[in-house]
Amino acid sequence: ILNVEQSPQSLHVQEGDSTNFTCSFPSSNFYALHWYRWETAKSPEALFVMTLNGDEKKKGRISATLNTKEGYSYLYIKGSQPEDSATYLCAPNSGGSNYKLTFGKGTLLTVNP
Amino acid sequence: DAMVIQNPRYQVTQFGKPVTLSCSQTLNHNVMYWYQQKSSQAPKLLFHYYDKDFNNEADTPDNFQSRRPNTSFCFLDIRSPGLGDAAMYLCATSKRGFSTDTQYFGPGTRLTVL
């Protein structure tokens, strides 16, 4: 069973704050890492797919980095807005099953206006 | 426009009473997945279809079955729901099932077992 850890479990920030969270995963047999954003009562929405060590992806105020050698990814949000409030899930794809995403429990972000 | 649709959004069933959850997609994707997410836990893959080929995860209980009558629809059948089966059930699709393929999710069905 693939062990995927996300930290922190939850955090509250003020509007305008920048924040970041971590996804840790086993570095062996790594294929790809996915980040999703899941707002309450909506569908989880894909943010990034990352494959290469040192990869950095950006989408508006959100960016992510990947370290496959040590098995972690960071997600950064610059200047958080209330609409960024959501659960952020990471899902590495590894272990020899190229179809299978193993999700972490997620980080619940609440941005207070 | 919704691409992965799940019905119903909320389902209440009684202990032991069979229940079926529905998923449809307008993406014409080859792969469809069912995930279970219990409270405060990570979404967990139950099974997936590649076209008509069914792939069960080793730890998925026998109580859970699935059907995919055509490309667009996939059903999750819970034969005898127990209290421990109360969860959010997510359906997802991907084009080919490759490691880099984005999975597109529906909004989920929250199942309550009384």
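All chains use their own residue numbering, which begins from 1 and follows the written sequence. Chains carry letters from A onward and ligands carry numbers from 1 onward, assigned in written order. In keeping with the model being predicted, local features are shown solely for residues with a pLDDT of at least 70 and side-chain atom pairs are shown and tallied solely at 80 or more, while totals for entire chains, interfaces and linings include all residues. To get the side-chain values, all heavy atoms of the structure are used, and hydrogens and water are removed first.

Enquirer: Hey, could you run me through the layout of surface pockets in this one?
Expert: Rolled over the atoms, a probe sized like a water molecule indicates the empty space that remains. Taken as a whole, the second largest pocket encloses approximately 610 Å³ of empty space. Within this scheme a cavity is a closed region of a 1 Å grid, computed over the protein atoms alone, that accommodates a 1.4 Å probe without allowing it to escape, whereas a pocket is open but has protein on both sides within 12 Å along at least five of seven lines; lining residues each have an atom within 4 Å of a point. Looking at the second largest pocket, it is lined by 24 residues, and the ones nearest its centre are Trp38 and Thr87 of chain A together with Gln37, Met88 and Arg110 of chain B. Numbering goes from the N terminus for both helices and strands, where a helix is a DSSP run of H or I of at least four residues and a strand is a run of E of at least two. Listed by contribution, the elements that provide at least two residues to the lining of the second largest pocket are strand E9 (86-94) and strand E10 (107-112) of chain A together with strand E9 (87-94) of chain B. Grid points are joined across faces, edges and corners, and a volume is the space filled by probe spheres set on the points.

Enquirer: Hey, could you run me through the environment of Asp55 of chain A in this one?
Expert: All names here are of chain A. Relative to the assigned elements, Asp55 resides in the loop between strand E5 (45-50) and strand E6 (56-59). Through-space distance from the C-alpha of Asp55 to that of Leu11 is 25 Å; in sequence the pair is 44 residues apart. Whether two residues are in contact is decided by their heavy atoms, any of which lying within 4.5 Å being enough. Leave out the neighbours within four places in its chain, and Asp55 touches Met50, Ala64, Thr65 and Leu66. Think of a polar contact as two N or O atoms within 3.5 Å of one another; within protein, one of them needs to be a possible hydrogen donor and the other a possible acceptor, and neighboring residues in sequence only count if both atoms come from side chains. Here Thr51 takes part through its backbone nitrogen, which lies 3.2 Å from a polar atom of the side chain of Asp55.

Enquirer: So what exactly am I meant to see when it comes to the packing of aromatic side chains here?
Expert: For any two aromatic rings, the description comes down to two numbers: the centre-to-centre distance and the angle of the planes. Residues and elements named next belong to chain B. Only the six-membered ring of Trp is used, alongside the rings of Phe and Tyr, when aromatic pairs are assigned; centres must lie within 6.5 Å, and planes under 30 degrees apart are stacked while those over 60 apart are edge-to-face, with the rest tilted. Summed over all chains, the structure comprises 14 aromatic pairs over all chains. When the centroid spacing of 5.6 Å and the interplanar angle of 40 degrees are considered together, the rings of Tyr35 and Phe105 count as tilted. Linking Tyr35 in strand E4 (residues 31-37) with Phe105 in strand E10 (residues 104-105), this pair joins segments that are 70 residues apart in sequence. The same class applies to Tyr35 as to Phe105, namely buried. On the basis of an interplanar angle of 50 degrees and a centroid distance of 5.3 Å, the ring pair of Phe47 and Phe54 is categorised as tilted. Burial here depends on accessible area, computed with a 1.4 Å probe over protein chains only, as a share of the maximum for the residue type. Under 20% is buried, over 50% is exposed, and the range in between is partly exposed. Relative accessible area serves as the criterion here: at 1%, Phe47 is assigned to the buried category. On the accessibility criterion, Phe54 (38% relative accessible area) is partly exposed.

Enquirer: Before we go on, may I ask you to explain the pattern of salt bridges in this structure?
Expert: Think of it this way: side chains of opposite charge can pair up when their charged atoms draw near. For this analysis, a salt bridge means a side-chain nitrogen from Lys or Arg found within 4 Å of a carboxyl oxygen belonging to Asp or Glu. Applying the stated criterion across every chain yields a total of seven salt bridges over all chains. For Lys42 of chain A, the salt bridge is made with Glu39 of chain A, and the minimal N-O distance between the two is 3.8 Å. Judged by relative accessible area, Glu39 of chain A falls into the partly exposed class, the value being 23%. Residue Lys44 of chain B pairs with Asp59 of chain B through a salt bridge whose shortest N-O separation is 3.4 Å. Here Lys44 of chain B, found in strand E5 (residues 44-50), pairs with Asp59 of chain B, found in the loop between strand E6 (53-56) and strand E7 (64-67); they are 15 residues apart in sequence, far enough to count as distant.

Enquirer: Would you explain the nonpolar core in this entry?
Expert: Nonpolar side chains tend to gather and get buried jointly when the protein is soluble and globular. Residues grouped as a nonpolar core are buried Ala, Val, Leu, Ile, Met, Phe, Trp, Tyr and Cys residues, joined through side-chain atoms within 4.5 Å. One finds Trp35, Phe48, Leu75, Tyr88 and Leu109 of chain A to be the most contacted residues of the largest nonpolar core, which totals 22 residues. At the level of secondary structure, the elements contributing two or more residues to this core comprise strand E2 (10-14), strand E3 (19-24), strand E4 (30-38), E5, strand E7 (62-67), strand E8 (72-77), E9 and E10 of chain A. Residue contacts for Phe48 of chain A: discarding those within four places in its chain leaves Leu33, His34, Trp35, Lys57, Lys58, Lys59, Ile62, Ser63, Ala64 and Leu75 of chain A. Judged by nonpolar contacts, the second largest core, of 18 residues, contains Leu21, Trp34, Phe47 and Tyr49 of chain B.

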